[in-house]
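Structural overview for review
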Amino acid sequence: MLIRIVIENLFSFGERKEFNMIPNNRLKTLNEHKYDVNGFDLLKLSSIYGANGAGKSNLVKSLQLFQELVIKEEIPFVLRDAQFKFNENNEKQVIAVEFVQDNTAFYYGIEILDNIVSTEELYLSGLGRKKDELLFERKTNENGITEILFLKAFEDDERSQLLKSVLLEDLVKPNKPILKLISNRNNKFLKDVRMAFGWFQDTLQIITPDTRPVALAHGIDIDRQFHRYAEDTMCSFNIGITSLDSGKTEIQKLLNNADDADTNNLEQIIQQIEKFPDQMLVTNDRSPRNIVKEGDEIWVKHLKIKHMGRNNKLASFELDEESDGTVRLLDFTLAFYNLINKRWVFIIDEIERSIHPLLIK
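Criteria and cut-off values
- Residues numbered from 1 in each chain as written.
- Predicted model: local features only at pLDDT ≥ 70, side-chain atom pairs only at ≥ 80, totals over all residues.
- Heavy atoms only, no water.
- Helix = DSSP H or I, 4+ residues; strand = E, 2+ residues; numbered from the N terminus.
- Buried < 20%, exposed > 50% of the residue type's maximum accessible area, 1.4 Å probe, protein only.
- Contact = heavy atoms within 4.5 Å.
- Areas by Shrake-Rupley, 256 points an atom, 1.4 Å probe, with all protein chains shown as cover.
- Lys, Arg positive; Asp, Glu negative; His and termini not counted.
- Charge placed at Lys NZ, Arg CZ, Asp CG, Glu CD.
- Pairing = 2+ DSSP bridges.
- Axes fitted to C-alpha atoms, helices over the stretch in contact; angles between N-to-C directions.
- Phe/Tyr/Trp six-rings, centres within 6.5 Å; stacked < 30°, edge-to-face > 60°.
- Core = buried A, V, L, I, M, F, W, Y, C linked by side-chain atoms within 4.5 Å.
- Patch = residues over 30% accessible without salt bridge, like charges linked within 9 Å, V, L, I, M, F, W, Y side chains within 5 Å.
- Salt bridge = Lys/Arg side-chain N within 4 Å of Asp/Glu carboxyl O.

**Some words on the overall build of the protein chain**
- Looking only at helices and strands, the protein chain has 12 helices and 16 strands in total.
- When its C-alpha atoms are laid out on the principal axes, the protein chain stretches across 70 × 55 × 45 Å.
- Counting the 361 residues in the protein chain, one finds 43% classified as buried.
- Across the protein chain, every contact between residues at least 6 apart in sequence was considered, and the portion connecting residues at least 24 apart equals 55%.
- Looking at the protein chain as shown, the accessible area adds up to about 20,800 Å², and 47% of this sits on carbon and sulfur atoms.
- Each charge class in the protein chain was averaged separately, 47 positive and 57 negative side chains, and the resulting centres sit 4 Å apart.

**With respect to the sheet that holds strand E5 (residues 93-101)**
- Taken together, the 7 strands give an open sheet; going across it, the order is E2-E1-E5-E6-E7-E8-E9, and neighbouring strands pair in antiparallel fashion. The two strands at the open ends of the sheet, each matched to only one other strand, are strand E2 (17-20) and strand E9 (146-150). Strand-to-strand, the axes of this sheet are offset by a mean angle of 10°, without reference to chain direction.
- Contacting strand E1 (2-8), E5, strand E6 (104-113), strand E7 (116-124) and strand E8 (133-140), helix H6 (residues 191-203) runs over the sheet at an angle of about 100° to E5.

**Considerations on the packing of aromatic side chains**
- Counting across every chain of the model gives 14 aromatic pairs.
- Ring geometry for Phe 99 and Phe 106: centres 5.5 Å apart, planes at 25°, overall stacked.
- Classification of Phe 106 by relative accessible area gives buried; the value is 0%.
- Pairing Tyr 108 with Phe 200 gives two aromatic rings, centres 5.5 Å apart and planes at 75°, and the pair type is edge-to-face.

**Describing unusual backbone geometry**
- Of note in the backbone geometry, Asn 9 takes a positive phi value of approximately 55° without being a glycine.
- By secondary structure assignment, the location of Asn 9 is in the loop between E1 and E2.
- Judged by its relative accessible area of 0%, Asn 9 falls in the buried class.
- Residue Asp 102 is not a glycine yet carries a positive backbone phi of 50°.
- Of the residues examined, Asp 102 reaches a relative accessible area of 59% and is grouped as exposed.

**Regarding the nonpolar core**
- Grouped together as the largest cluster of nonpolar side chains are 60 residues, with contacts concentrated most on Phe 66, Tyr 108, Leu 122, Phe 136, Phe 150, Leu 179 and Phe 200.
- If one sorts the elements of this core by residue count, helix H1 (residues 56-72) sits on top with 7 residues.
- If you look at the next biggest cluster of nonpolar residues, it comprises 21 residues, including Phe 226, Met 234, Leu 244 and Leu 329.

**Here we look at a positive patch on the surface**
- Residues Arg 159, Lys 188, Lys 191 and Arg 194 make up a contiguous surface patch of positive charge.
- You can see Arg 194 is positioned in helix H6.

**A short note on the pattern of salt bridges**
- Applying the stated criterion across every chain yields a total of 16 salt bridges.
- Linking Lys 248 and Asp 221 is a salt bridge whose minimum nitrogen-to-oxygen distance equals 3.5 Å. With Lys 248 in strand E11 (residues 241-250) and Asp 221 in helix H7 (residues 216-222), the pair connects residues that are 27 residues apart, well separated along the chain.
- Look at Lys 248 and you get partly exposed, because its relative accessible area is 35%.
- Asp 221 gets classed as partly exposed once you look at its relative accessible area, which sits at 28%.
- A salt bridge links Glu 350 to Arg 353; its shortest N-O distance comes to 2.6 Å.
- Taking relative accessible area as the criterion, Glu 350 reaches 27% and is therefore assigned partly exposed.
- Judged by relative accessible area, which is 36%, Arg 353 ranks as partly exposed.
- Where salt bridges share partners, they join Asp 221, Lys 248, Glu 294 and Lys 301 into one cluster.

This is the structure we're talking about:
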């Protein structure tokens, strides 16, 4: 769950701004619209609306770049040139989030100056009721020299100090965040760091107007409950869809019938899947294919969307043959299903794009 986002000197945000999901305690209505997290209330849903150019999409873009920064462990190229244009001096950029992961509250923030991560900190949040507890704080000066302070139990442990030395001497880079790096260390004092990284990797889901439902074919194929939910939901919108299905083809069959160019591409895919058999690959086109290994076989899956035409004739359509509105609704269907079954956080930019106002309601 999301508690708040803090942004400074990024895109259209000059001075520090905060967006939060904390309800107004003076309003005693709509209690069903709140989550109770150990006695701390959080809104289940919030909307931002306003004039064009007011910064709505920039808030989403900032959080998306923050997620990319954490997961890919490098400062995105866009972020490097995204300082607030009206600042007279070269000033630090600040992005921070407070969030709940597995019923534990965290605060994580980064300051960037001259393409160096000058400050990075992770705390167990006291939610304003008690003092925040340090998990780690990293400082890097203008010469690229980094210092890290960990929680007291880590600092007092002799073996952990060896790990800290390795981090500082060989692994930590001045232009890269270290949350993912630390979360991957096998150390009993860093379990909370691993939990916090999971929020960025799994819990936070950002849907932009250009996002496509890339994993639907595989989800429909392996999960009967989701298949039924997605099909019932899309049919209920009365947009002509009668059923959803997943087409499956063994990659070896595609390889046997491929030309030279496709053969090279498919062989590269097979090599990557064999190297990471638990990974799903997604092709980068308007009708994405899901490529997964199941047992000894590698399958290529694609979404089949069926419509009823004249004389009750059924026809199957690819994703790129559907309208932009239908594609967005398919993407939302996956989001809604996960909202019902998981405590994921969905950030949706321009939720009304390409969709009829009655469907939005």
